[in-house]
Amino acid sequence: MSFQVALTGLSAASTDLAVTANNIANSNTTGFKESRTTFADVYAVSSQGIGATTPGSGVRVAGVQQQFSQGSIDYTNNNLDLAISGDGFFIVKQGGSTEYTRAGAFAVDRDGYVVAPSDGARLQVYPPIAGSNSFNTGGLTDLRLDGGAGAPQASSLIELGANFKADAAPPVVATFNPADPESYNNAVSTTVYDSLGTARTATLYVVKDGVTPNTWATYLYVDGTAVGAAQPVTFNPNGSLATPAGGSAAYGTFTPTNGADPLNLTINFGGSTQYGGNFSTNRLTQDGYASGQLSGIDIDSSGIVQARYSNGRSVPLGKIALADFPNPQGLQKQGDTRWSETFASGSPLRGEAGTSSLGLIQSGALEASNVDLTAELVRMIVSQRGFQANAQMISTMDQITQTVINIR
């Protein structure tokens, strides 16, 4: 009987040493979570119960529990290195199988998908909703970086904030001619874009009306071609803008010769004034842009992935989805520092970083293993002593048995 009891001790100590060895081996594995061995004593129970003097039957391994404490955050220079500060797991998919991980060392494959380098499992995100700044949190999709050219956008609105000189004299030449500086008071230019992304120069000329006070005529030209008719701009006696109503004036259509769609341009004069100072502009923007190439990726703490293009535009590609579980210790290890759902873990609770119990995402950082090497080395010594003690117990029982056999 004592031989069997000591054997259970050897087996339990061996398992504990194996768990400790695995922890030590993965002390530098990104996102690794240490495990610990728990033990329970064993008694042979009969229908009459256990007597007060009945010896135990040894020990058994009650379980190997994973410890999901936070690992330290190590900073890197790669935007696709991601760490979770707090609870939660990244969601990855490989061949239709969904797995969960804390290892955020992601890369881009040849098709542009953000994947785990070990086996190509794709990172899951909430897709953006077209025409809005929100995301569809009801579905998941693979995160893909589009390395192609970003589509251009035709200009349609020019925002102009300017001060028109109140005491300006009407031009010397009464008939407006953009080629004659004596026929207008001031001009301001900006770059606009057609539907093919071709840059064009839009110039606004302003002419002080010599008859009606506080009134100006404005002419819009694109690449030297007039766009519609002149539009009046008037001011109140206190210098504030009176017309156009709402501040916006539509000038008409400019038709490019390169096959692009016609440009319909509107200028918003909101915020413009007529004071005694010189003519000056304090705001001049437009809403078009040329095509651009992908130049970088930004990921904020809430998990929003933005693609930066060489034309200055940023486009949301998705929002990284996180998941948590009622019982993370019930997750099944799958290798590659990943886990899968089990009945014991409960169903995944998906959400966004920084909401509910989910942590924040740190871009350009990785979560280190949570293994404490000092504690593991001490545990190794304790397990080794336990193994030696049980081995000594077998040796002692062997000697006792030998003594009994030798009795005459």
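Because the structure is a prediction, the values reported are computed rather than measured.

1. What about the overall build of the chain?
Link 1 in the chain: Scanning the chain for helices and strands turns up 2 helices and 28 strands.
Link 2 in the chain: The C-alpha atoms of the chain give 37 Å as radius of gyration, which overshoots the globular expectation for 408 residues (22 Å, by more than 25%).
Link 3 in the chain: Based on the C-alpha atoms only, the size of the chain along its principal axes is roughly 140 × 45 × 40 Å.
Link 4 in the chain: Relative to its full complement of 408 residues, the chain shows a buried share of 38%.
Link 5 in the chain: Considering only contacts in the chain between residues 6 or more positions apart, those separated by 24 or more positions represent 60%.
Link 6 in the chain: For the chain, the exposed surface amounts to about 20,500 Å²; the carbon and sulfur share of it is 51%.
Link 7 in the chain: Treating the 21 positive side-chain charges of the chain as one cloud and the 31 negative ones as another, the clouds have centres 7 Å apart.

2. Section: the pattern of salt bridges
Link 1 in the chain: Per the stated rule, a full pass over the model turns up 11 salt bridges.
Link 2 in the chain: The residue Lys33 makes a salt bridge to Glu367 at a minimum N-O spacing of 2.5 Å. You can see Lys33 sitting in the loop between helix 1 (2-25) and strand 1 (35-42) and its partner Glu367 sitting in strand 28 (residues 365-367), a full 334 residues away along the chain. The exposure classification of Lys33 matches that of Glu367, with both residues buried.
Link 3 in the chain: The partner of Asp119 in a salt bridge is Arg338, with the nearest N and O atoms 2.3 Å apart.

3. Here's the deal with the side chain of Gln124
Link 1 in the chain: Within the secondary structure, Gln124 is located in strand 9 (residues 122-126).
Link 2 in the chain: Relative accessible area serves as the criterion here: at 1%, Gln124 is assigned to the buried category.
Link 3 in the chain: Once residues lying within four places of it in the same chain are set aside, the contact partners of Gln124 are Ile91, Val92, Lys93, Leu140, Thr141, Asp142, Ile320 and Ala321.

4. Concerning the sheet that holds strand 18 (residues 248-254)
Link 1 in the chain: With mixed pairing, the 4 strands of this open sheet are ordered in space as 18-19-11-20. If you trace the sheet from one side to the other, it starts and ends with strand 18 and strand 20 (280-286), each paired once. Averaged over all pairs of adjacent strands, the angle between strand axes in this sheet comes to 20°, irrespective of strand direction.
Link 2 in the chain: Judged from the 3 bridges that link them, strand 11 (residues 157-163) and strand 19 (residues 263-268) form a sheet pairing that is parallel. Following the sheet pairing, Ile158 is matched in strand 19 by Ile267.

5. Describing unusual backbone geometry
Link 1 in the chain: Looking along the chain, the bond that leaves Thr243 and enters Pro244 is cis, with omega of 10°.
Link 2 in the chain: Its identity as a non-glycine residue notwithstanding, Asp336 has a phi of 55°, on the positive side.
Link 3 in the chain: Structurally, Asp336 is set in the loop between strand 24 (332-335) and strand 25 (338-340).
Link 4 in the chain: Within the chain, Thr337 stands out as a residue other than glycine whose phi angle is a positive 55°.
Link 5 in the chain: In this fold, Thr337 is placed in the loop between strand 24 and strand 25.
Link 6 in the chain: With a relative accessible area of 17%, Thr337 lands in the buried category.

6. Notes on the side chain of Asn370
Link 1 in the chain: The topology assignment puts Asn370 in the loop between strand 28 and helix 2 (373-405).
Link 2 in the chain: Among the polar contacts listed, one links the side chain of Asn370 to the backbone nitrogen of Glu34, at a separation of 2.8 Å.
Link 3 in the chain: A polar side-chain atom of Asn370 sits 2.8 Å from the main-chain carbonyl oxygen of Gln67.

7. Details of the packing of aromatic side chains
Link 1 in the chain: For the structure on display, the rule yields 15 aromatic pairs.
Link 2 in the chain: Residues Phe68 and Phe89 carry aromatic rings whose centres are separated by 5.6 Å and whose planes lie at 75° to one another, so their mutual orientation is edge-to-face. Residue Phe68 is found in the loop between strand 2 (58-66) and strand 3 (73-75), and its partner Phe89 is found in strand 5 (residues 89-94); the two are separated by 21 residues along the sequence.
Link 3 in the chain: On the basis of relative accessibility, which here comes to 22%, the residue Phe68 falls in the partly exposed class.
Link 4 in the chain: The buried category is assigned to Phe89, whose relative accessible area is 3%.
Link 5 in the chain: Ring plane angle 90° and centroid distance 5.7 Å describe the contact between Tyr205 and Tyr221, whose orientation is recorded as edge-to-face. Linking Tyr205 in strand 13 (residues 199-208) with Tyr221 in strand 14 (residues 215-222), this pair joins segments that are 16 residues apart in sequence. When sorted by exposure, Tyr205 lands in the same class as Tyr221, which is buried.
Link 6 in the chain: Members of the aromatic cluster, joined through ring pairs, are Phe68, Phe89, Tyr100, Phe325 and Trp339.
Link 7 in the chain: Of note, Arg122 hangs over the ring of Tyr113, and the distance from its end group to the ring centre comes to 3.6 Å.

Criteria and cut-off values
Sequence order as written defines the numbering, with residues in each chain counted from 1. The predicted origin of the model limits local features to residues at a pLDDT of at least 70 and limits the giving and counting of side-chain atom pairs to 80 or more, whereas totals for whole chains, interfaces and linings rest on all residues. The side-chain values count all of the structure's non-hydrogen atoms but skip hydrogen atoms and water molecules. Put simply, DSSP marks the helices as runs of H or I at least four residues long and the strands as runs of E at least two long, and each gets a number from the N terminus on. Using C-alpha atoms as the atom set, the radius of gyration is obtained and then compared with a globule rule of 2.2 Å times the number of residues to the power 0.38. The classification of residues rests on relative accessible area computed with a 1.4 Å probe and restricted to protein chains. Under 20% of the type maximum is buried, over 50% is exposed, and intermediate values are partly exposed. Contacts are assigned to residue pairs with any non-hydrogen atoms lying within 4.5 Å of each other. The method behind every accessible area is Shrake-Rupley, applied with a 1.4 Å probe, and residues are considered shielded solely by the protein chains displayed. A positive count includes Lys and Arg, and a negative count includes Asp and Glu. His and the chain ends are not counted in either. By convention, the charge on Lys lies at NZ, on Arg at CZ, on Asp at CG and on Glu at CD. Counted as salt bridges are all cases of a side-chain nitrogen of Lys or Arg within 4 Å of a carboxyl oxygen of Asp or Glu. For two strands to be treated as a pair, DSSP must find at least two bridges joining them. The angle between two axes is taken between their N-to-C directions and runs from 0 to 180 degrees, where each axis is a line fitted to C-alpha atoms and a helix contributes only its stretch in contact. Counted as a polar contact is a pair of N or O atoms within 3.5 Å, where, for protein atoms, one must be capable of donating a hydrogen and the other of accepting one, and residues adjacent in sequence contribute only when both atoms are in side chains. Side-chain rings of Phe, Tyr and Trp (the six-membered ring for Trp) are treated as a pair once their centres are within 6.5 Å; stacked means planes under 30 degrees apart, edge-to-face means over 60, and tilted covers the remaining angles. Only when the NZ of Lys or the CZ of Arg is both within 6 Å of the ring centre and within 35 degrees of the ring normal is a charge said to sit over the ring.

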